[in-house]
Amino acid sequence: MEEDVFSIIANHNKGSRKLIRQGDIAVRLSRSALSCPGQACFWPKSNSGIVIIPYTLSTDYSRADSAVIRSAIEEYSSLTCIRFVERKTQTDYIQIRSVDGCWSYLGRIGGTQDLSLLNPGCISKGIIQHELNHVLGFVHEHTRSDRDAYVDIIWTYIPDAYKSNFEKSLPDTNNLALQYDYTSVMHYGRYSFTNVPGQPTIVSKPDAAVPIGQRHGLSSLDLAKINRLYQCDICSFLLCELSGTFHSGYTSSASLNRPDCLWLIRVPANKIFLRFFAVTAPSVCRTDHMVVYDGATKSSPVLFNATCRTGDPPPAVSTGSLMLVEFWSNEKTSFSASYQSVVCGGTFTVVNGIVTSPGFPTKYFPSTDCKWSIVAPPGYKVQITFTSFALELSRNCVYDYLNILHGSRIGSSVSAKYCGSKKMATMVSTGNWVLLDFHTDRSVHSTGFQVKYTWVR
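Everything in this summary refers to the structure shown in the same document. (Residues numbered from 1 in each chain as written. Predicted model: local features only at pLDDT ≥ 70, side-chain atom pairs only at ≥ 80, totals over all residues. Heavy atoms only, no water.)

## Digging into the overall build of the protein chain
Short version of the rule: Segments assigned H or I by DSSP are reported as helices when at least four residues long, segments assigned E as strands when at least two residues long, and all are numbered from the N terminus. Radius of gyration here uses only the C-alpha atoms, and the compact-globule reference equals 2.2 Å multiplied by the residue count raised to the power 0.38. Burial classes follow relative accessibility: with a 1.4 Å probe on protein chains only, a residue under 20% of its type's maximum area counts as buried, one over 50% as exposed, and anything between as partly exposed. Whether two residues are in contact is decided by their heavy atoms, any of which lying within 4.5 Å being enough. Residue exposure ignores everything except the shown protein chains as possible cover, and the areas themselves are Shrake-Rupley values with a 1.4 Å probe.
Looking only at helices and strands, the protein chain features 4 helices and 27 strands. On C-alpha atoms alone, the protein chain measures out to a radius of gyration of 25 Å, which is about the 23 Å that the 2.2 N^0.38 rule sets for 457 residues. Along the first, second and third principal axes, the C-alpha set of the protein chain runs to 70 × 50 × 45 Å. Residue burial in the protein chain is summarised as follows: out of 457 residues, 51% are buried. Residue pairs at least 24 apart in sequence account for 74% of intrachain contacts in the protein chain once pairs closer than 6 positions are excluded. Looking at the protein chain as shown, the accessible area adds up to about 20500 Å², and 51% of this sits on carbon and sulfur atoms.

Right, dumping it as structure tokens:
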């Protein structure tokens, strides 16, 4: 069973000398920013609408640990009006260092305030974002004033010393008119502080099987709460499922009828495959554009940058578990897209290259799905030449197969599925991209394929 964020935090805070409540909130403030008279514990917003939170990062962290912390921080910059920036001379700031556990103060307390990320133990995205949300003023989800409508607290299995951790934060918290979130990074896990192994302290209702808590980072509702609490004027979405669809542009949803939006796709592991469909644009289109980044921020490498004048966007495959989609339109362009987690694949945007099935020239792996997107500049086509091809043979290629898709000039796509051992003919796309979609089942494996590609006019 995968541990949730708070189970990990509670384990590392057992020996902490810091006076904390609810397991990881350093004691100093008595109120949450969710109910903060005069907004005294909010971080202030500048005239530009940006909330600046200065921070320092201890030099005791390794380069790899610092990269994990900064990656967690960058998601706020991409999707909210919150900007965690390295401190210069600011008086109020957070000091991120390895003290003696995973904990933070609640909201802005003034002056220097510690945020402890014990190394090792607390350096993971979910834990970092949990503590950063405390910095923003958020308490644990299960302490909301309306929580009794969504969960039962099983007091029998909670030791007396920890029962205060399950009390509601206030008699009437401001829940921002947003629904209860079982998957919030701020939610305790099902077995938090239990005194009987295997017996839950929190049970979801009416369906006790609903998962509670997670360890991967902000949820989509966490994001919505941050933007609502700090009144961020931004159109952003966080997509956390293994697969899904999303859309933009001028649709029946008024919330999307604005010129610029961002989507951050975050899967628990592996890579992300993104494909667009149902793209509509006016006959004359000069300014609309879409950029797909291989990471969580606009400073990440660009997988492709497309405008409405270059046809439908090509498919894309990330190198990791994060992908940011930026869309800008003031000409009533719209699109729909789908994404899914894939084990392997990539996006190729250089003039020449080689793609091979995993394990080639030895046998490929069972139960594998890989996708490779080969993208040429507008005006070019992609030519692919096979130097080897050997897959399990089956009628209609239902077991192992390579599906080859390519974009056409009119926005549709052409596809064909191949299997068996054969000499494959050289192919040239009708548009400027080709997608290689490779699937294997559990049994009967062969050596796979190798393909060389180049751009042609």
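## Focus on the layout of surface pockets
Leftover empty space is mapped by rolling, across the atoms, a probe with the size of a water molecule. Let me state the cut-off plainly: Put simply, the grid is 1 Å and covers the protein atoms alone, a cavity is a trapped set of points that fit a 1.4 Å probe, a pocket is an open set with protein on both sides within 12 Å along at least five of seven lines, and lining residues have an atom within 4 Å of a point. Grid points are joined across faces, edges and corners, and a volume is the space filled by probe spheres set on the points. For this classification, Asp, Glu, Lys and Arg are treated as charged, while Ala, Val, Leu, Ile, Met, Phe, Trp, Tyr, Cys and Pro are nonpolar and the rest, including Gly, are polar.
Counted as a void, the largest pocket has a volume near 500 Å³. Looking at the largest pocket, it is lined by 21 residues, and the ones nearest its centre are A10, N11, K14, Y162 and F193. It is helix 1 (residues 5-12) that provides the largest number of residues to the lining of the largest pocket, a total of 4 residues. Considered class by class, the residues forming the lining of the largest pocket number 9 nonpolar, 9 polar and 3 charged.

## Some words on the pattern of salt bridges
Note on pairing: side chains with opposite charge can pair once their charged atoms come close. We count it as follows: Any Lys or Arg side-chain nitrogen found within 4 Å of a carboxyl oxygen on Asp or Glu counts as a salt bridge.
One pass over the full model with this rule turns up 14 salt bridges. Among the charged side chains, a network of salt bridges with common partners joins E141, R144, D146 and K225.

## Structural notes on helix 3 (residues 125-136)
Definition in use: An expected span of 1.5 Å times one less than the residue number is assigned to each helix.
Taking 1.5 Å per residue, 12 residues should reach 16 Å; helix 3 reaches 16 Å between its end C-alpha atoms and fits that length. Along helix 3, 12 of the 12 residues are buried, which leaves the element largely enclosed by surrounding structure. Turning to helix 3, its buried residues are K125, G126, I127, I128, Q129, H130, E131, L132, N133, H134, V135 and L136. Downstream of helix 3 by a residue or two, G137 has a phi angle that is positive, lying close to 115°.

## Considering the state of the cysteines
Just so we agree on the cut-off: In this description, the term disulfide denotes a pair of cysteine sulfurs within 2.5 Å.
A full pass over the atoms with the stated rule returns 5 disulfides. Linked covalently through their sulfurs, C81 and C232 form a disulfide whose S-S length is 2.1 Å. When the S-S torsion is -60°, as for the bridge of C81 with C232, the disulfide is left-handed. One end of the pair, C81, is in the loop between helix 2 (63-79) and strand 4 (82-86); the other, C232, is in the loop between helix 4 (220-229) and strand 10 (236-239), with 151 residues separating them in the sequence. Just as C81 is buried, C232 falls in that class too. Paired through a disulfide, C344 and C370 show a sulfur-sulfur distance of 1.7 Å. Linking C344 and C370, the disulfide has an S-S dihedral of approximately 50° and is accordingly described as right-handed. Within this pair, whereas C344 is found in strand 19 (residues 344-348), its partner C370 is found in strand 21 (residues 369-375), the two being separated by 26 residues in sequence. Take C344 and C370: they sit in the same class, and that class is buried.

## A word on the packing of aromatic side chains
Our working rule: For Phe, Tyr and Trp, rings pair up if their centres lie within 6.5 Å, where Trp contributes its six-membered ring, and each pair is then called stacked (planes under 30 degrees apart), edge-to-face (over 60) or tilted (otherwise).
According to the stated counting rule, one finds 26 aromatic pairs in the structure shown. Consider the rings of W155 and F166, whose centres lie 6.4 Å apart with planes at 70°: the pair is edge-to-face. With W155 in the loop between strand 8 (151-153) and strand 9 (202-204) and F166 in the loop between strand 8 and strand 9, this pair connects stretches of sequence that are 11 residues apart. Among the residues examined, W155 registers a relative accessible area of 34% and is labelled partly exposed.

## Focus on the side chain of D181
Note the threshold: The convention is simple: Lys and Arg are positive, Asp and Glu are negative, and His and the chain ends are not counted. Distance and chemistry together define a polar contact, namely a pair of N or O atoms within 3.5 Å, with one atom able to donate a hydrogen and the other to accept it when in protein, and with adjacent residues in sequence counting only for side-chain atoms on both sides.
Looking at where D181 falls in the secondary structure, it is placed in the loop between strand 8 and strand 9. Buried and without a salt bridge, D181 has K225 as its closest oppositely charged side chain, separated by 4.8 Å. Within the structure, the side chain of D181 is placed 2.5 Å from the side chain of S219, a separation counted as a polar contact. Discounting chain neighbours no more than four positions away, the residues touching D181 are E141, H187, S219, L221, D222 and K225.

## Some words on the packing of helix 1 against helix 3
Between two packed helices, what matters for the description is the angle formed by their axes and the separation of those axes. How we decide: Helix axes are fitted only over the stretch in contact, all axes being lines through C-alpha atoms; the angle between N-to-C directions runs from 0 to 180 degrees. Any angle from 65 to 115 degrees is called roughly perpendicular, while one under 35 is roughly parallel, one over 145 is roughly antiparallel, and all others are oblique.
The geometry of helix 1 relative to helix 3 is characterised by a closest axis approach of 9 Å and an angle of 80° between their N-to-C directions. The angle between helix 1 and helix 3 falls in the class roughly perpendicular. Seen from helix 1, the contacting residues are V5, F6, I8 and I9; seen from helix 3, they are G126, I127, H130 and E131. Tallied by class, the residues present in the contact of helix 1 with helix 3 amount to 5 nonpolar, 2 polar and 1 charged.

## Considerations on the packing of helix 2 against helix 3
What counts is decided by this rule: A crossing counts as left-handed when the near helix is turned anticlockwise from the far one by less than a right angle, and as right-handed when that turn is clockwise.
Between helix 2 and helix 3, the least distance of the axes is 9 Å, while the angle of their chain directions is 50°. With respect to helix 3, the axis of helix 2 lies oblique. Note that helix 2 runs across helix 3; the crossing there is right-handed. Of the residues in helix 3, those in contact with V68, I69, S71, A72, I73, E75 and Y76 of helix 2 are K125, I128, Q129, L132, N133 and L136.

## So, the environment of H439
Secondary-structure assignment places H439 in strand 26 (residues 433-439). Setting aside anything within four residues of it in sequence, one finds H439 in contact with T368, D369, Y399, D400 and Y401. In terms of polar contacts, H439 uses its side chain to reach the side chain of D369, at 2.8 Å.

## A closer look at the environment of P315
With respect to the helices and strands, the residue P315 is situated in the loop between strand 15 (302-307) and strand 16 (316-317). With 256 residues separating them along the chain, P315 and T59 place their C-alpha atoms 40 Å apart. Aside from chain neighbours lying at most four places away, what touches P315 is F273, L274, F304, S373, V375, W433 and L435.

## A word on the sheet that holds strand 14 (residues 289-293)
Here is the rule we go by: In this description, strands pair whenever DSSP reports at least two bridges between them.
Here 5 strands make up an open sheet; going across it, the order is 10-12-17-14-15 and the pairing mixed. In the strand order of this sheet, the two ends are held by strand 10 and strand 15, each with one partner. Strand after strand, the sheet turns through a mean of 10° between neighbouring axes, direction not considered. Two strands pair when backbone bridges link them, and strand 14 and strand 17 (residues 322-328) are joined in this way by 5 bridges, in the antiparallel orientation. If you follow M290 over to strand 17, its bridge partner there is F327.

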